[in-house]
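One letter stands for each residue in the lines below.
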Amino acid sequence: MTTRTATVTVTWPEANARRLSRQHVYPDASSEAGFSAPGAVGAMLGAHAQVMSAAELSVGLRADGLTRTGVRTALWTDRTLVKTFGPRGTVHLLPAGDLPFWTGALSAVPTGTGPFAKDARMTPDQVEAVVTAVADALTGRELTIDELSDEVVARTGPWAGDPVMPAFQAMWPRWRQVLHLAGHRGALCYAPNRGRKATYTNPGSTPLPGPRALAALVERYLHAYGPATPAHFAKWLAAPKRWADELFASLSSAGAIEEVAFEDAGAAWVVAGDTAFPDGPVRGVRLLPYFDAFTIASQPRERLFPGVAYQRALAGGQAGNHPVLLVDGEVAGVWHQRRSGRRIAVTVEPLTPLRPAQLRALEEQVERVAAVLEGKAELTVGKVTVGAHA
(Lines give C-alpha, C1' and ligand atoms only; values in the text may rest on other atoms or scores of the structure.)
Protein backbone atom coordinates (compact mmCIF):
# COMPACT_ATOMS: atom_id res chain seq x y z
CA MET A 1 0.00 0.00 0.00
CA THR A 2 1.12 3.55 -0.70
CA THR A 3 0.18 6.69 1.22
CA ARG A 4 -0.94 9.75 -0.74
CA THR A 5 -1.12 13.44 0.06
CA ALA A 6 -2.98 16.29 -1.61
CA THR A 7 0.09 17.03 -3.75
CA VAL A 8 0.10 13.56 -5.30
CA THR A 9 -2.44 12.28 -7.79
CA VAL A 10 -4.43 9.19 -6.89
CA THR A 11 -4.77 7.20 -10.09
CA TRP A 12 -7.96 5.55 -11.27
CA PRO A 13 -6.55 1.98 -10.94
CA GLU A 14 -5.55 2.69 -7.32
CA ALA A 15 -8.91 4.20 -6.38
CA ASN A 16 -10.84 1.48 -8.16
CA ALA A 17 -8.81 -1.28 -6.53
CA ARG A 18 -9.42 0.12 -3.05
CA ARG A 19 -13.17 0.45 -3.63
CA LEU A 20 -13.42 -3.11 -4.91
CA SER A 21 -11.37 -4.45 -2.01
CA ARG A 22 -13.40 -2.64 0.64
CA GLN A 23 -16.62 -4.00 -0.81
CA HIS A 24 -15.23 -7.54 -1.01
CA VAL A 25 -15.75 -7.69 -4.78
CA TYR A 26 -12.01 -8.24 -5.24
CA PRO A 27 -10.88 -8.91 -1.66
CA ASP A 28 -7.19 -8.57 -0.87
CA ALA A 29 -5.03 -8.78 2.23
CA SER A 30 -6.47 -5.50 3.54
CA SER A 31 -10.10 -6.59 3.15
CA GLU A 32 -12.30 -7.50 6.08
CA ALA A 33 -12.66 -11.26 6.41
CA GLY A 34 -15.88 -13.22 6.61
CA PHE A 35 -18.52 -10.61 5.84
CA SER A 36 -21.94 -11.32 7.32
CA ALA A 37 -25.09 -10.16 5.52
CA PRO A 38 -25.26 -6.84 7.42
CA GLY A 39 -21.50 -6.42 7.08
CA ALA A 40 -21.69 -6.82 3.31
CA VAL A 41 -24.66 -4.44 3.06
CA GLY A 42 -22.92 -1.88 5.24
CA ALA A 43 -19.73 -2.05 3.17
CA MET A 44 -21.53 -1.11 -0.04
CA LEU A 45 -23.76 1.51 1.68
CA GLY A 46 -26.99 -0.35 1.09
CA ALA A 47 -28.09 -2.99 -1.41
CA HIS A 48 -30.60 -1.78 -4.00
CA ALA A 49 -33.66 -4.00 -3.42
CA GLN A 50 -36.28 -2.96 -5.94
CA VAL A 51 -35.54 -6.40 -7.45
CA MET A 52 -35.02 -8.62 -4.41
CA SER A 53 -33.23 -11.41 -6.27
CA ALA A 54 -30.63 -8.88 -7.41
CA ALA A 55 -30.19 -7.61 -3.86
CA GLU A 56 -29.73 -11.15 -2.58
CA LEU A 57 -27.06 -11.73 -5.20
CA SER A 58 -25.28 -8.44 -4.47
CA VAL A 59 -25.06 -9.38 -0.79
CA GLY A 60 -24.25 -13.05 -1.32
CA LEU A 61 -21.38 -12.37 -3.70
CA ARG A 62 -19.67 -10.23 -1.05
CA ALA A 63 -19.97 -12.68 1.83
CA ASP A 64 -18.45 -16.10 2.37
CA GLY A 65 -20.89 -19.00 2.01
CA LEU A 66 -24.01 -16.81 2.10
CA THR A 67 -27.01 -17.83 0.00
CA ARG A 68 -30.31 -16.11 -0.77
CA THR A 69 -31.86 -18.02 2.13
CA GLY A 70 -29.26 -16.51 4.45
CA VAL A 71 -30.09 -13.02 3.23
CA ARG A 72 -33.81 -13.66 3.73
CA THR A 73 -33.15 -15.04 7.21
CA ALA A 74 -31.17 -11.92 8.12
CA LEU A 75 -34.01 -9.76 6.83
CA TRP A 76 -37.17 -11.44 8.09
CA THR A 77 -36.09 -13.75 10.95
CA ASP A 78 -32.96 -12.35 12.59
CA ARG A 79 -33.95 -8.77 11.63
CA THR A 80 -30.28 -7.78 11.23
CA LEU A 81 -31.27 -6.25 7.88
CA VAL A 82 -34.15 -3.92 7.14
CA LYS A 83 -35.86 -3.24 3.81
CA THR A 84 -36.80 0.41 3.45
CA PHE A 85 -36.37 3.53 1.33
CA GLY A 86 -32.70 4.41 1.03
CA PRO A 87 -30.56 6.70 -1.16
CA ARG A 88 -32.44 8.42 -4.00
CA GLY A 89 -35.73 7.32 -2.43
CA THR A 90 -35.33 3.82 -3.87
CA VAL A 91 -35.89 0.58 -1.98
CA HIS A 92 -32.72 -0.72 -0.29
CA LEU A 93 -31.58 -3.27 2.24
CA LEU A 94 -29.77 -1.56 5.12
CA PRO A 95 -28.16 -2.95 8.30
CA ALA A 96 -30.76 -2.75 11.05
CA GLY A 97 -28.16 -1.53 13.51
CA ASP A 98 -27.41 1.41 11.22
CA LEU A 99 -31.02 2.50 10.77
CA PRO A 100 -30.84 5.49 13.19
CA PHE A 101 -27.83 6.80 11.26
CA TRP A 102 -29.50 6.28 7.88
CA THR A 103 -32.82 7.84 8.83
CA GLY A 104 -31.09 10.76 10.50
CA ALA A 105 -29.01 11.43 7.39
CA LEU A 106 -31.66 10.82 4.72
CA SER A 107 -34.29 12.92 6.49
CA ALA A 108 -31.78 15.80 6.55
CA VAL A 109 -31.13 15.74 2.79
CA PRO A 110 -32.97 18.69 1.16
CA THR A 111 -35.73 17.86 -1.29
CA GLY A 112 -37.29 19.91 -4.06
CA THR A 113 -40.95 20.46 -4.85
CA GLY A 114 -41.20 17.08 -6.53
CA PRO A 115 -42.55 16.11 -9.93
CA PHE A 116 -46.21 16.47 -9.04
CA ALA A 117 -48.68 18.96 -10.47
CA LYS A 118 -49.41 21.99 -8.29
CA ASP A 119 -52.91 20.81 -7.36
CA ALA A 120 -51.52 17.44 -6.27
CA ARG A 121 -48.84 18.73 -3.92
CA MET A 122 -49.00 18.76 -0.14
CA THR A 123 -48.28 21.61 2.25
CA PRO A 124 -45.52 21.19 4.86
CA ASP A 125 -48.19 20.78 7.56
CA GLN A 126 -49.90 18.06 5.53
CA VAL A 127 -46.60 16.24 5.05
CA GLU A 128 -45.98 16.25 8.80
CA ALA A 129 -49.52 15.05 9.47
CA VAL A 130 -49.13 12.13 7.06
CA VAL A 131 -45.74 11.05 8.41
CA THR A 132 -47.14 11.12 11.96
CA ALA A 133 -50.20 9.15 10.86
CA VAL A 134 -48.05 6.54 9.13
CA ALA A 135 -45.85 6.11 12.21
CA ASP A 136 -48.84 5.78 14.53
CA ALA A 137 -50.78 3.42 12.24
CA LEU A 138 -47.83 1.05 11.80
CA THR A 139 -46.68 0.88 15.43
CA GLY A 140 -46.93 -2.77 16.43
CA ARG A 141 -48.77 -3.66 13.20
CA GLU A 142 -48.07 -4.89 9.66
CA LEU A 143 -50.37 -3.35 7.05
CA THR A 144 -50.72 -3.59 3.29
CA ILE A 145 -50.65 -0.36 1.32
CA ASP A 146 -54.45 -0.32 1.05
CA GLU A 147 -54.87 -0.88 4.78
CA LEU A 148 -52.30 1.81 5.51
CA SER A 149 -54.05 4.20 3.15
CA ASP A 150 -57.35 3.76 5.01
CA GLU A 151 -55.58 4.46 8.30
CA VAL A 152 -53.83 7.58 7.00
CA VAL A 153 -57.02 9.06 5.57
CA ALA A 154 -58.91 8.30 8.76
CA ARG A 155 -56.21 10.00 10.86
CA THR A 156 -55.64 13.07 8.67
CA GLY A 157 -58.68 13.81 6.51
CA PRO A 158 -60.27 13.10 3.13
CA TRP A 159 -57.75 15.34 1.35
CA ALA A 160 -55.06 12.68 1.93
CA GLY A 161 -57.07 10.18 -0.09
CA ASP A 162 -57.70 12.38 -3.13
CA PRO A 163 -56.67 10.32 -6.21
CA VAL A 164 -54.30 12.89 -7.73
CA MET A 165 -51.08 10.91 -8.33
CA PRO A 166 -50.69 9.27 -11.75
CA ALA A 167 -49.51 5.69 -11.27
CA PHE A 168 -49.41 3.15 -14.08
CA GLN A 169 -53.05 2.82 -15.21
CA ALA A 170 -54.58 4.17 -12.01
CA MET A 171 -54.43 7.19 -9.71
CA TRP A 172 -52.94 6.92 -6.24
CA PRO A 173 -54.10 8.91 -3.20
CA ARG A 174 -52.35 12.19 -2.45
CA TRP A 175 -50.55 10.96 0.66
CA ARG A 176 -48.60 8.30 -1.29
CA GLN A 177 -46.16 10.94 -2.58
CA VAL A 178 -44.46 10.99 0.81
CA LEU A 179 -44.26 7.22 1.31
CA HIS A 180 -40.47 7.24 0.79
CA LEU A 181 -40.16 10.28 3.07
CA ALA A 182 -41.89 8.33 5.84
CA GLY A 183 -39.20 5.70 5.37
CA HIS A 184 -36.47 8.33 5.54
CA ARG A 185 -37.98 9.69 8.76
CA GLY A 186 -37.93 6.23 10.36
CA ALA A 187 -41.72 5.93 10.44
CA LEU A 188 -41.97 3.03 8.01
CA CYS A 189 -40.12 0.00 6.66
CA TYR A 190 -41.16 -3.17 4.86
CA ALA A 191 -42.48 -6.22 6.69
CA PRO A 192 -42.78 -9.75 5.25
CA ASN A 193 -45.15 -10.08 2.31
CA ARG A 194 -48.69 -11.19 3.00
CA GLY A 195 -49.13 -13.57 0.11
CA ARG A 196 -48.13 -11.49 -2.92
CA LYS A 197 -48.84 -8.17 -1.21
CA ALA A 198 -46.13 -6.05 0.36
CA THR A 199 -46.70 -4.97 3.94
CA TYR A 200 -45.20 -2.21 6.08
CA THR A 201 -44.45 -1.69 9.74
CA ASN A 202 -42.88 0.88 12.05
CA PRO A 203 -39.25 -0.11 12.72
CA GLY A 204 -39.29 1.64 16.10
CA SER A 205 -36.02 3.44 15.43
CA THR A 206 -35.23 7.02 16.44
CA PRO A 207 -33.17 8.96 13.85
CA LEU A 208 -29.86 10.46 14.91
CA PRO A 209 -29.57 14.26 14.78
CA GLY A 210 -29.21 15.40 11.17
CA PRO A 211 -25.78 17.13 11.28
CA ARG A 212 -24.15 14.22 13.09
CA ALA A 213 -25.76 11.66 10.77
CA LEU A 214 -24.82 13.59 7.60
CA ALA A 215 -21.20 13.83 8.70
CA ALA A 216 -21.18 10.07 9.28
CA LEU A 217 -22.79 9.46 5.88
CA VAL A 218 -20.13 11.48 4.05
CA GLU A 219 -17.36 9.65 5.90
CA ARG A 220 -18.86 6.23 5.14
CA TYR A 221 -19.41 7.20 1.52
CA LEU A 222 -15.81 8.36 1.14
CA HIS A 223 -14.53 5.23 2.87
CA ALA A 224 -16.39 3.07 0.35
CA TYR A 225 -16.17 5.20 -2.82
CA GLY A 226 -13.48 7.82 -2.25
CA PRO A 227 -11.75 9.75 -3.58
CA ALA A 228 -14.95 11.49 -4.60
CA THR A 229 -16.22 15.00 -5.24
CA PRO A 230 -19.30 16.72 -3.84
CA ALA A 231 -20.88 16.31 -7.28
CA HIS A 232 -20.37 12.53 -7.09
CA PHE A 233 -21.96 12.46 -3.63
CA ALA A 234 -24.88 14.63 -4.74
CA LYS A 235 -25.55 12.38 -7.74
CA TRP A 236 -25.49 9.25 -5.57
CA LEU A 237 -28.02 10.79 -3.17
CA ALA A 238 -30.07 12.66 -5.82
CA ALA A 239 -29.38 15.80 -3.76
CA PRO A 240 -28.61 19.41 -4.77
CA LYS A 241 -24.97 19.89 -5.77
CA ARG A 242 -24.70 23.28 -4.05
CA TRP A 243 -25.82 21.71 -0.77
CA ALA A 244 -23.22 18.95 -1.19
CA ASP A 245 -20.52 21.56 -1.89
CA GLU A 246 -21.36 23.33 1.35
CA LEU A 247 -21.49 20.08 3.33
CA PHE A 248 -18.06 18.97 2.09
CA ALA A 249 -16.61 22.44 2.76
CA SER A 250 -17.83 22.36 6.36
CA LEU A 251 -16.43 18.87 6.96
CA SER A 252 -13.14 19.84 5.35
CA SER A 253 -12.90 22.90 7.61
CA ALA A 254 -13.58 20.68 10.62
CA GLY A 255 -10.75 18.33 9.61
CA ALA A 256 -13.06 15.34 9.07
CA ILE A 257 -12.20 14.95 5.39
CA GLU A 258 -9.17 15.94 3.34
CA GLU A 259 -8.49 16.85 -0.26
CA VAL A 260 -6.42 14.78 -2.69
CA ALA A 261 -5.83 15.08 -6.42
CA PHE A 262 -7.78 12.40 -8.26
CA GLU A 263 -6.91 11.49 -11.83
CA ASP A 264 -9.48 12.88 -14.31
CA ALA A 265 -11.60 14.38 -11.53
CA GLY A 266 -9.28 17.06 -10.14
CA ALA A 267 -9.77 17.92 -6.48
CA ALA A 268 -11.51 15.12 -4.60
CA TRP A 269 -11.90 14.05 -0.98
CA VAL A 270 -11.16 11.12 1.30
CA VAL A 271 -11.71 10.62 5.02
CA ALA A 272 -8.99 12.47 6.92
CA GLY A 273 -5.91 10.26 7.14
CA ASP A 274 -7.37 7.58 4.84
CA THR A 275 -4.76 7.98 2.11
CA ALA A 276 -3.42 4.43 1.69
CA PHE A 277 -4.15 2.84 -1.67
CA PRO A 278 -3.19 -0.49 -3.29
CA ASP A 279 -0.04 -0.32 -5.38
CA GLY A 280 -1.60 -1.85 -8.49
CA PRO A 281 -4.88 -2.63 -10.24
CA VAL A 282 -7.00 -5.66 -9.47
CA ARG A 283 -6.97 -8.74 -11.69
CA GLY A 284 -9.68 -11.27 -12.38
CA VAL A 285 -13.25 -11.79 -13.54
CA ARG A 286 -16.40 -10.96 -11.58
CA LEU A 287 -20.16 -10.83 -12.22
CA LEU A 288 -22.39 -8.20 -10.62
CA PRO A 289 -26.20 -8.11 -10.82
CA TYR A 290 -28.74 -5.43 -11.68
CA PHE A 291 -28.41 -2.21 -9.68
CA ASP A 292 -25.34 -3.33 -7.80
CA ALA A 293 -24.25 -0.56 -5.44
CA PHE A 294 -20.70 -0.49 -6.79
CA THR A 295 -21.68 0.15 -10.40
CA ILE A 296 -24.17 2.86 -9.38
CA ALA A 297 -21.95 4.79 -6.95
CA SER A 298 -18.48 4.46 -8.45
CA GLN A 299 -17.29 7.56 -10.31
CA PRO A 300 -16.08 8.75 -12.79
CA ARG A 301 -18.48 6.46 -14.61
CA GLU A 302 -16.66 6.67 -17.95
CA ARG A 303 -13.60 5.09 -16.29
CA LEU A 304 -15.58 2.19 -14.83
CA PHE A 305 -17.40 1.74 -18.17
CA PRO A 306 -14.54 2.35 -20.63
CA GLY A 307 -14.94 2.58 -24.40
CA VAL A 308 -17.75 0.54 -25.89
CA ALA A 309 -18.91 -0.52 -22.40
CA TYR A 310 -20.33 2.97 -21.90
CA GLN A 311 -22.79 2.40 -24.74
CA ARG A 312 -23.45 -1.33 -24.23
CA ALA A 313 -23.71 -1.61 -20.46
CA LEU A 314 -25.41 1.68 -19.56
CA ALA A 315 -28.97 2.76 -20.37
CA GLY A 316 -28.65 6.35 -21.54
CA GLY A 317 -25.76 6.83 -19.12
CA GLN A 318 -27.70 5.32 -16.20
CA ALA A 319 -25.93 2.49 -14.38
CA GLY A 320 -27.62 -0.58 -12.98
CA ASN A 321 -30.00 -1.55 -15.76
CA HIS A 322 -27.69 -4.30 -17.02
CA PRO A 323 -25.90 -6.95 -14.96
CA VAL A 324 -22.22 -6.49 -15.75
CA LEU A 325 -19.08 -8.51 -16.31
CA LEU A 326 -15.98 -7.03 -14.67
CA VAL A 327 -12.57 -7.91 -16.06
CA ASP A 328 -9.66 -6.57 -14.02
CA GLY A 329 -12.07 -4.32 -12.15
CA GLU A 330 -13.71 -2.57 -15.09
CA VAL A 331 -16.91 -3.28 -16.99
CA ALA A 332 -16.10 -5.49 -19.97
CA GLY A 333 -19.44 -7.06 -20.80
CA VAL A 334 -23.04 -7.73 -19.81
CA TRP A 335 -24.87 -10.86 -18.78
CA HIS A 336 -28.35 -12.22 -18.20
CA GLN A 337 -29.85 -15.12 -16.28
CA ARG A 338 -33.08 -16.98 -16.79
CA ARG A 339 -34.30 -19.34 -14.07
CA SER A 340 -36.49 -22.41 -14.45
CA GLY A 341 -36.79 -24.37 -11.23
CA ARG A 342 -33.23 -24.98 -10.04
CA ARG A 343 -31.78 -24.49 -13.53
CA ILE A 344 -30.22 -21.07 -14.10
CA ALA A 345 -29.30 -20.35 -17.71
CA VAL A 346 -26.57 -17.69 -17.68
CA THR A 347 -25.57 -15.89 -20.89
CA VAL A 348 -22.46 -13.70 -20.75
CA GLU A 349 -21.53 -11.28 -23.52
CA PRO A 350 -17.89 -10.17 -23.26
CA LEU A 351 -17.15 -7.02 -25.22
CA THR A 352 -13.72 -8.37 -26.16
CA PRO A 353 -12.70 -12.04 -26.38
CA LEU A 354 -11.69 -13.65 -23.09
CA ARG A 355 -8.44 -15.56 -22.74
CA PRO A 356 -8.63 -19.24 -21.68
CA ALA A 357 -7.74 -18.38 -18.07
CA GLN A 358 -10.44 -15.69 -18.00
CA LEU A 359 -13.00 -18.16 -19.38
CA ARG A 360 -12.15 -20.59 -16.59
CA ALA A 361 -12.53 -17.77 -14.06
CA LEU A 362 -15.89 -16.87 -15.61
CA GLU A 363 -17.08 -20.44 -15.18
CA GLU A 364 -16.14 -20.22 -11.50
CA GLN A 365 -18.06 -16.96 -11.17
CA VAL A 366 -21.14 -18.48 -12.75
CA GLU A 367 -20.91 -21.36 -10.29
CA ARG A 368 -20.71 -18.88 -7.44
CA VAL A 369 -23.78 -17.04 -8.72
CA ALA A 370 -25.62 -20.36 -8.82
CA ALA A 371 -24.52 -21.19 -5.27
CA VAL A 372 -25.83 -17.88 -3.94
CA LEU A 373 -29.13 -18.34 -5.80
CA GLU A 374 -29.33 -22.02 -4.75
CA GLY A 375 -29.52 -23.39 -8.26
CA LYS A 376 -27.51 -25.13 -10.96
CA ALA A 377 -26.05 -22.85 -13.61
CA GLU A 378 -25.48 -23.45 -17.31
CA LEU A 379 -23.13 -20.98 -19.00
CA THR A 380 -23.39 -19.70 -22.56
CA VAL A 381 -20.89 -17.18 -23.86
CA GLY A 382 -22.62 -15.17 -26.55
CA LYS A 383 -24.88 -12.25 -27.35
CA VAL A 384 -27.30 -11.08 -24.67
CA THR A 385 -30.47 -10.38 -26.64
CA VAL A 386 -32.71 -9.00 -23.90
CA GLY A 387 -32.84 -5.29 -23.17
CA ALA A 388 -32.07 -3.30 -20.07
CA HIS A 389 -33.65 -4.44 -16.80
CA ALA A 390 -35.16 -7.54 -18.45
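Note that this is a predicted model, so its numbers are computed, not measured. (Residues numbered from 1 in each chain as written. Predicted model: local features only at pLDDT ≥ 70, side-chain atom pairs only at ≥ 80, totals over all residues. Heavy atoms only, no water.)

Focus: unusual backbone geometry
In step 1: Put simply, Gly226 and Pro227 share a cis peptide bond, and its omega is 0°.
In step 2: Residue Gln299 is joined to Pro300 through a cis peptide bond whose omega torsion reads 0°.
In step 3: Positive phi values are uncommon outside glycine, yet Arg79 reaches one of about 60°.
In step 4: With respect to the helices and strands, the residue Arg79 is situated in the loop between helix H4 (68-77) and strand S4 (81-85).
In step 5: We note that Phe291 has phi near 50°; this positive angle belongs to a residue other than glycine.
In step 6: Mapped onto the secondary structure, Phe291 falls in the loop between strand S14 (285-288) and helix H12 (293-297).
In step 7: For Phe291, a relative accessible area of 11% puts it in the buried group. (Helix = DSSP H or I, 4+ residues; strand = E, 2+ residues; numbered from the N terminus. Buried < 20%, exposed > 50% of the residue type's maximum accessible area, 1.4 Å probe, protein only.)

As for the pattern of salt bridges
Once their charged atoms are close, side chains differing in charge can pair, the charge on each being opposite to the other.
In step 1: Under the definition given, this model contains 18 salt bridges.
In step 2: Residues Arg174 and Asp162 are paired through a salt bridge, measuring 3.0 Å at the closest nitrogen-oxygen approach. Taken together, the residues span a long stretch of sequence, with Arg174 in the loop between strand S8 (170-173) and helix H8 (179-184) and Asp162 in the loop between helix H7 (145-156) and strand S7 (163-167) at a distance of 12 residues.
In step 3: Because the salt bridges share partners, they merge into one network encompassing Arg18, Arg22 and Asp274. (Salt bridge = Lys/Arg side-chain N within 4 Å of Asp/Glu carboxyl O.)

Regarding the packing of aromatic side chains
In step 1: On inspection of all chains with the given rule, the structure shows 11 aromatic pairs.
In step 2: Their ring planes at 55° and their centres at 5.5 Å tell us that Phe233 and Phe248 sit as a pair that is tilted. Here Phe248 lies in helix H11 (residues 241-253) and Phe233 lies in helix H10 (residues 230-237), a separation of 15 residues in the sequence.
In step 3: Taking the relative accessible area as the measure of exposure, Phe233 reaches 0% and is therefore buried.
In step 4: Residue Phe248 is classed as buried on the basis of its relative accessible area of 1%.
In step 5: An aromatic cluster of at least three residues, connected via ring pairs, comprises Phe101, Trp102, Tyr221, Tyr225, Phe233, Trp236, Trp243, Phe248 and Trp269.
In step 6: The aromatic ring of Phe101 is capped on one face by Arg220, whose charged end is 4.0 Å from the ring centroid.
In step 7: Over the ring of Tyr26 we find Arg286, and its NZ or CZ is 4.2 Å from the ring centre. (Phe/Tyr/Trp six-rings, centres within 6.5 Å; stacked < 30°, edge-to-face > 60°. Lys NZ or Arg CZ within 6 Å of the ring centre and 35° of its normal.)

Structural notes on the sheet that holds strand S11 (residues 257-262)
In step 1: Taken in spatial order, the 3 strands line up as S2-S11-S12 in an open sheet, and their pairing is mixed. Either end of the sheet is taken by a strand with one partner, and the two such strands are strand S2 (9-10) and strand S12 (266-271). (Pairing = 2+ DSSP bridges.)

Considering the packing of helix H5 (residues 99-106) against helix H9 (residues 210-225)
In step 1: Between H5 and H9, the shortest axis-to-axis distance is 8 Å and the interhelical angle comes to 105°. Taken together, the axes of H5 and H9 are roughly perpendicular relative to one another. Contacts between H5 and H9 involve Phe101, Trp102, Gly104 and Ala105 on the former and, on the latter, Gly210, Ala213, Leu214, Ala216, Leu217 and Arg220.
In step 2: Of the residues that constitute the contact of H5 with H9, the class distribution is 7 nonpolar, 2 polar and 1 charged. (Axes fitted to C-alpha atoms, helices over the stretch in contact; angles between N-to-C directions. Parallel < 35°, antiparallel > 145°, perpendicular 65-115°, else oblique. Contact = heavy atoms within 4.5 Å. Nonpolar A, V, L, I, M, F, W, Y, C, P; charged D, E, K, R; others polar.)

Some remarks on helix H1 (residues 12-22)
In step 1: For H1, a buried count of 9 out of 11 residues is recorded, marking the element as mostly surrounded by other parts of the structure.
In step 2: The set of residues buried in H1 consists of Trp12, Glu14, Ala15, Asn16, Ala17, Arg18, Arg19, Leu20 and Ser21.
In step 3: Immediately beyond the C-terminal end of H1, within one or two residues, lies His24, with a positive phi of roughly 65°.

Focus: the side chain of Asn202
In step 1: Inspection of the secondary structure puts Asn202 in the loop between strand S10 (197-201) and H9.
In step 2: A distance of 3.2 Å separates a polar atom in the side chain of Asn202 from a polar atom in the side chain of Thr139.
In step 3: Dropping the residues within four chain positions of it, Asn202 is found in contact with Ala135, Leu138, Thr139, Arg141, Gly186 and Ala187. (Polar contact = N/O pair within 3.5 Å; in protein donor to acceptor, adjacent residues only side chain to side chain.)

Details of the pairing of strand S5 (residues 91-95)
One face of the sheet, then the other: side chains in a regular strand alternate in exactly this way.
In step 1: Most of S5 is tucked away, with 5 of its 5 residues classed as buried.
In step 2: On S5, burial covers both faces: Val91, Leu93 and Pro95 on one face and His92 and Leu94 on the other are all buried.
In step 3: Bridge analysis of S4 against S5 gives 5 bridges, and the strand direction is antiparallel. Each bridged residue has a counterpart across the sheet, and for Phe85 the counterpart in S5 is Val91.
In step 4: Where S4 folds back onto S5 in an antiparallel hairpin, the turn is made up of 5 residues, including Arg88, whose phi is positive at roughly 65°.

Quick word on the layout of surface pockets
To locate leftover empty space, one rolls a probe as large as a water molecule over the atoms.
In step 1: Of the pockets and cavities examined, the largest pocket occupies roughly 1500 Å³.
In step 2: As for the largest pocket, its lining consists of 47 residues, and the residues nearest its centre are Gly89, Gln177, Leu179, His180 and Leu181.
In step 3: Elements supplying a minimum of two residues to the lining of the largest pocket: helix H3 (52-60), H4, S4, helix H6 (124-138), H8, strand S9 (189-194) and S10.
In step 4: Per-element accounting of the lining of the largest pocket gives the leading share, 4 residues, to H8.
In step 5: Class assignment of the residues belonging to the lining of the largest pocket gives a composition of 26 nonpolar, 13 polar and 8 charged.
In step 6: Taken as a whole, the second largest pocket holds about 250 Å³ of empty space.
In step 7: As for the second largest pocket, its lining consists of 15 residues, and the residues nearest its centre are Arg88, Ile296, Arg301, Gln318 and Ala319.
In step 8: Breaking the lining of the second largest pocket down by element, the ones donating at least two residues are H10 and H12.
In step 9: At 3 residues, H10 tops the list of elements feeding residues into the lining of the second largest pocket.
In step 10: Of the residues that constitute the lining of the second largest pocket, the class distribution is 5 nonpolar, 7 polar and 3 charged. (1 Å grid on protein atoms, 1.4 Å probe; cavity = no way out; pocket = protein on both sides within 12 Å on 5 of 7 lines; lining within 4 Å. Points joined across faces, edges and corners; volume = space filled by probe spheres on them.)

Examining the packing of H10 against H11
In step 1: Taken N-terminus to C-terminus, the directions of H10 and H11 make an angle of 125°; their axes are 8 Å apart at the nearest point. In terms of axis orientation, H10 runs oblique to H11. Classified by chirality, the crossing of H11 by H10 is right-handed. Contacts between H10 and H11 involve Pro230, Ala231, Phe233, Ala234 and Leu237 on the former and, on the latter, Lys241, Trp243, Ala244, Asp245, Leu247 and Phe248.
In step 2: Grouping the constituent residues of the contact of H10 with H11 by class yields 9 nonpolar, no polar and 2 charged. (Left-handed = near helix turned anticlockwise from the far one by under 90°.)

Spatial relationships are all this shows, so hold off on functional conclusions.
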